[in-house]
Amino acid sequence: MKWTVCALLLTLSLQATAYRKDVVPFGIKVNGIENRFAEFGIFAKPGEILQLDLMDLDPANLEASFDATPLQPAGNALNLKMPPRAGTHRLVLTDRGTGSRMDLNVFVMWQHDGARDNSLNGYRIGQYPRDPFRGLAVYDPPEAFIEVTRENADLAVSPNFRLGQFVCKQGSGYPKYVVLRPELLQKLETVLEELNGVNGNVSGLTIMSGYRTPSYNQAIGNGKYSRHVWGGAADVYVDDNSDGVMDDLNGDGKVTRADSEWLAHFVDSLERKGRFGDLIGGIGTYGSTASHGPFVHVDARGYQARW
């Protein structure tokens, strides 16, 4: 197999791109995660006090509001107490000096014991393994879930992804509940940025499968420690001609597993170059079946895995 960037350049159509880079000159750090995107999601528990450390921003120039209520920084940080009930809120940060603005959708989650309770407000979750895989904290049962409604499903969790793209495929009405890790969002944004960098016509990544409840994951016969169950994985493909399947990325005139292998190699090369920083993880390659086209699994589990 010959892996070439030029194949991607030749095969995609010349339609206008909808890709949004949208970064600002300053940043924040929340729970160890740095963000410089102009729009991003923050996930918190009811009553939790979030510390948002300011980066490359003079606190004297900060204008901040939470649901339109003005906030004042404490030194180089904002300390923000979350409301006592689950819901969706808006945090806006503006640098008066440059006019740069960051809009953060804050999702106060429902607390739930994922190791014991099978459902949340009528939505079937199933049970998480009590023993974390390899003893790793990223496999601890989640303590809270994001509520997805018709009203908030289209809210941005990063410049190019929306909350509703990550809901589990199990049949149910609203509300639905998901676990979604910001590390995954940052990794997907990096992949998309790099793809768009070699071909400006790559406008997005289609999320074929995001979060999976333990119940749904078991029903489809997947391993109980799949990173999808912890909101840390996505199955993706490039579909800029909007035909519902992977584009012909390797330029051979066909859509086959070779195209998912092209994309997997591209993601692997970014990891080897250090483009993901600490967000290393798994990459899996899949071909077509009767129900779907080729796709690639991407996750940010914290250690390398390939299949």
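These remarks concern the structure in this document. Treat the numbers as computed from the prediction; the structure is a model and nothing was measured.

About the criteria used
Residues numbered from 1 in each chain as written. Predicted model: local features only at pLDDT ≥ 70, side-chain atom pairs only at ≥ 80, totals over all residues. Heavy atoms only, no water. Helix = DSSP H or I, 4+ residues; strand = E, 2+ residues; numbered from the N terminus. Expected span 1.5 Å × (residues − 1). Buried < 20%, exposed > 50% of the residue type's maximum accessible area, 1.4 Å probe, protein only. Salt bridge = Lys/Arg side-chain N within 4 Å of Asp/Glu carboxyl O. Phe/Tyr/Trp six-rings, centres within 6.5 Å; stacked < 30°, edge-to-face > 60°. Axes fitted to C-alpha atoms, helices over the stretch in contact; angles between N-to-C directions. Parallel < 35°, antiparallel > 145°, perpendicular 65-115°, else oblique. Contact = heavy atoms within 4.5 Å. Nonpolar A, V, L, I, M, F, W, Y, C, P; charged D, E, K, R; others polar.

## Thoughts on helix H4 (residues 257-272)
Item 1. The terminal C-alpha atoms of H4, which comprises 16 residues, lie 22 Å apart, in line with the 22 Å expected from a rise of 1.5 Å per residue.
Item 2. For H4, the full list of buried residues reads Ala-258, Asp-259, Ser-260, Trp-262, Leu-263, Ala-264, Phe-266, Val-267, Asp-268, Ser-269, Leu-270 and Glu-271.
Item 3. Just past H4, the residue Gly-274 takes up positive phi, approximately 85°.

## Some points on the pattern of salt bridges
Item 1. A full pass over the atoms with the stated rule returns 19 salt bridges.
Item 2. A salt bridge links Lys-187 to Glu-271, with the nearest nitrogen and oxygen atoms 3.3 Å apart. In this pair, Lys-187 sits in helix H2 (residues 182-198) while Glu-271 sits in helix H4, placing the two residues 84 residues apart along the sequence. When sorted by exposure, Lys-187 lands in the same class as Glu-271, which is buried.
Item 3. The salt bridge partner of Arg-306 is Asp-268, with a shortest N-O separation of 2.8 Å. Linking Arg-306 in strand E21 (residues 305-306) with Asp-268 in helix H4, this pair joins segments that are 38 residues apart in sequence.
Item 4. What emerges from the salt-bridge pattern is a single network uniting Arg-20, Asp-22, Glu-39, Arg-90, Arg-101 and Asp-103.

## Points about the packing of aromatic side chains
The description of an aromatic ring pair rests on the distance of the ring centres and on the angle between the ring planes.
Item 1. Under the defined criterion, the tally for this structure stands at 13 aromatic pairs.
Item 2. Seen from their ring centres, Tyr-139 and Trp-230 are 5.1 Å apart, and the 75° between their planes marks the pair as edge-to-face. Highlighted residues: Tyr-139 in the loop between strand E12 (123-124) and strand E13 (144-148) and Trp-230 in the loop between helix H3 (214-219) and strand E18 (233-237), separated in sequence by 91 residues.
Item 3. Ring geometry for Trp-262 and Phe-266: centres 5.4 Å apart, planes at 10°, overall stacked. Taken together, the positions of Trp-262 and Phe-266, both in helix H4 and 4 residues apart, correspond to about one turn of that helix.
Item 4. By the ring-pair criterion, three or more aromatic residues cluster together here, those being Tyr-128, Phe-133, Tyr-139, Phe-145, Tyr-225 and Trp-230.

## Structural notes on the packing of H2 against H4
Item 1. At a minimum axis separation of 11 Å, H2 and H4 run at an interaxial angle of 110°. Viewed along their axes, H2 and H4 adopt a mutual orientation that is roughly perpendicular. In this structure, H2 uses Lys-187, Val-191, Glu-194, Leu-195 and Val-198 to contact H4, whose residues at the interface are Trp-262, Leu-263, Phe-266, Val-267, Leu-270 and Glu-271.
Item 2. Considered class by class, the residues forming the contact of H2 with H4 number 8 nonpolar, no polar and 3 charged.

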